[in-house]
Amino acid sequence: SAVISQKPSRDICQRGTSLTIQCQVDSQVTMMFWYRQQPGQSLTLIATANQGSEATYESGFVIDKFPISRPNLTFSTLTVSNMSPEDSSIYLCSVGGGVSSYNEQFFGPGTRLTVL
Amino acid sequence: EDKVVQSPLSLVVHEGDTVTLNCSYEVTNFRSLLWYKQEKKAPTFLFMLTSSGIEKKSGRLSSILDKKELFSILNITATQTGDSAVYLCANRNAGGTSYGKLTFGQGTILTVHP
């Protein structure tokens, strides 16, 4: 399985500011995903990070709020912009899946974000 | 819209008990069903199921899929306190631009008392 690291592990931020979360994988992967888990909720997909093109966002998520970069096949960033307390969540990077969708899918250690 | 429902939402047992966690799904383009264990932040991969009737087993954990009845179960035998966690079930969609997307259920909170 891929080894995935995320930075920062946790952060406490003031409303109106932005935070960029980094995801690093130890091998080249085709598919990278960003998920959010709000307190007491299950995981929800924010977007699929595509290498060399714009990310594909799920309904309810927009690029202005959650800009994503994917400069190569091992790295991606998610920025949470103009934060409000409602953005307090765990943000998780995930790799796997793929066109065939028969591949296992793994998650990074997560970033716990608290917005005051 | 794809839907995944888990039951029970929470379960409290004692060490040594056997538990069965349920996951039912309604999806437009099924590809696979995955089970995860979440203790703190990161979900840990347990199983991926694509074919009906084939049990996957890892130690005290096992899982099986029924594609006709659209459900899966996760069994844990001889539970230990270390099994206390949230168990998540997720469907992987295979359709259109959503390929690879996981739709998660609400999770089952398992608490194992000594």
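Scroll up for the structure.
So, here is what we can say about the structure in this document.

The rules behind each value
Residues numbered from 1 in each chain as written. Chains lettered and ligands numbered in written order. Predicted model: local features only at pLDDT ≥ 70, side-chain atom pairs only at ≥ 80, totals over all residues. Heavy atoms only, no water. Helix = DSSP H or I, 4+ residues; strand = E, 2+ residues; numbered from the N terminus. Buried < 20%, exposed > 50% of the residue type's maximum accessible area, 1.4 Å probe, protein only. Polar contact = N/O pair within 3.5 Å; in protein donor to acceptor, adjacent residues only side chain to side chain. Contact = heavy atoms within 4.5 Å. Buried area = accessible area lost by both parts, 1.4 Å probe. Salt bridge = Lys/Arg side-chain N within 4 Å of Asp/Glu carboxyl O. Nonpolar A, V, L, I, M, F, W, Y, C, P; charged D, E, K, R; others polar. Pairing = 2+ DSSP bridges. Axes fitted to C-alpha atoms, helices over the stretch in contact; angles between N-to-C directions. Disulfide = S-S within 2.5 Å.

1. A look at the environment of A:Leu19
Residues and elements named next belong to chain A.
Piece 1. With respect to the helices and strands, the residue Leu 19 is situated in strand 3 (residues 19-25).
Piece 2. A relative accessible area of 9% means that Leu 19 is categorised as buried.
Piece 3. A sequence separation of 35 residues divides Leu 19 from Glu 54, and the C-alpha atoms of the two residues are 19 Å apart.

2. Structural notes on the side chain of B:Asn75
All names here are of chain B.
Piece 1. Mapped onto the fold, Asn 75 is located in strand 8 (residues 71-76).
Piece 2. Separated by 2.5 Å, the side chains of Asn 75 and Thr 20 make a polar contact.
Piece 3. In this structure Asn 75 touches Val 19, Thr 20, Arg 60, Leu 61 and Ser 62, once residues within four positions along its chain are discounted.

3. Considerations on the interface of chain B and chain A
Piece 1. Contacts between the two partners involve 22 residues from chain B, matched on the other side by 26 residues from chain A.
Piece 2. A combined buried area of about 2,000 Å² lies between chain B and chain A, and 57% of that area is made up of carbon and sulfur atoms.
Piece 3. Remark: the boundary between chain B and chain A carries one salt bridge.
Piece 4. Of the charged contacts in the structure, one is a salt bridge between A:Glu58 and B:Lys101, with a shortest N-O distance of 2.9 Å.
Piece 5. Counting only elements with at least two residues in the side of chain B that touches chain A, the list comes to strand 4 (30-38), strand 5 (43-49), strand 9 (85-93) and strand 10 (102-104) of chain B.
Piece 6. In terms of residues, the side of chain B that touches chain A owes the most to one element, strand 4 of chain B, which gives five residues.
Piece 7. Tallied by class, residues from the side of chain B that touches chain A come to 10 nonpolar, seven polar and five charged.

4. Structural notes on the sheet that holds strand 7 (residues 61-66) of chain B
All names here are of chain B.
Piece 1. Pairing within the open sheet is antiparallel, and its five strands lie in the order 1-3-8-7-6. Of all the strands in the sheet, just strand 1 (3-7) and strand 6 (56-58) have a single pairing partner and so form its edges. Direction aside, neighbouring strands of the sheet carry axes that sit 15° apart on average.
Piece 2. Here six bridges tie strand 7 to strand 8, and the two strands are oriented antiparallel to one another. Paired with Ser 63 across the two strands is Leu 74, which belongs to strand 8.

5. Here we look at the state of the cysteines
Piece 1. Scanning all chains against the criterion turns up two disulfides over all chains.
Piece 2. Disulfide partner of A:Cys23: A:Cys93, at an S-S distance of 1.9 Å. On the S-S bond that ties A:Cys23 to A:Cys93, the torsion sits near -65°, and the link is left-handed. Here the residue A:Cys23 occupies a position in strand 3, and A:Cys93 occupies one in strand 9 (residues 89-96), the gap between them amounting to 70 residues.
Piece 3. With its sulfur 1.8 Å from that of its partner, B:Cys23 forms a disulfide with B:Cys89. Its S-S torsion of approximately -60° makes the covalent link between B:Cys23 and B:Cys89 left-handed. With B:Cys23 in strand 3 (residues 19-26) and B:Cys89 in strand 9, this residue pair connects regions lying 66 residues apart in the sequence. The burial state of B:Cys23 is the same as that of B:Cys89; both residues are buried.
Piece 4. Left without a disulfide partner, A:Cys13 is nearest to the cysteine sulfur of A:Cys23, which lies 18 Å away.
Piece 5. With a relative accessible area of 7%, A:Cys13 lands in the buried category.

What is shown is where atoms sit, not what they do.
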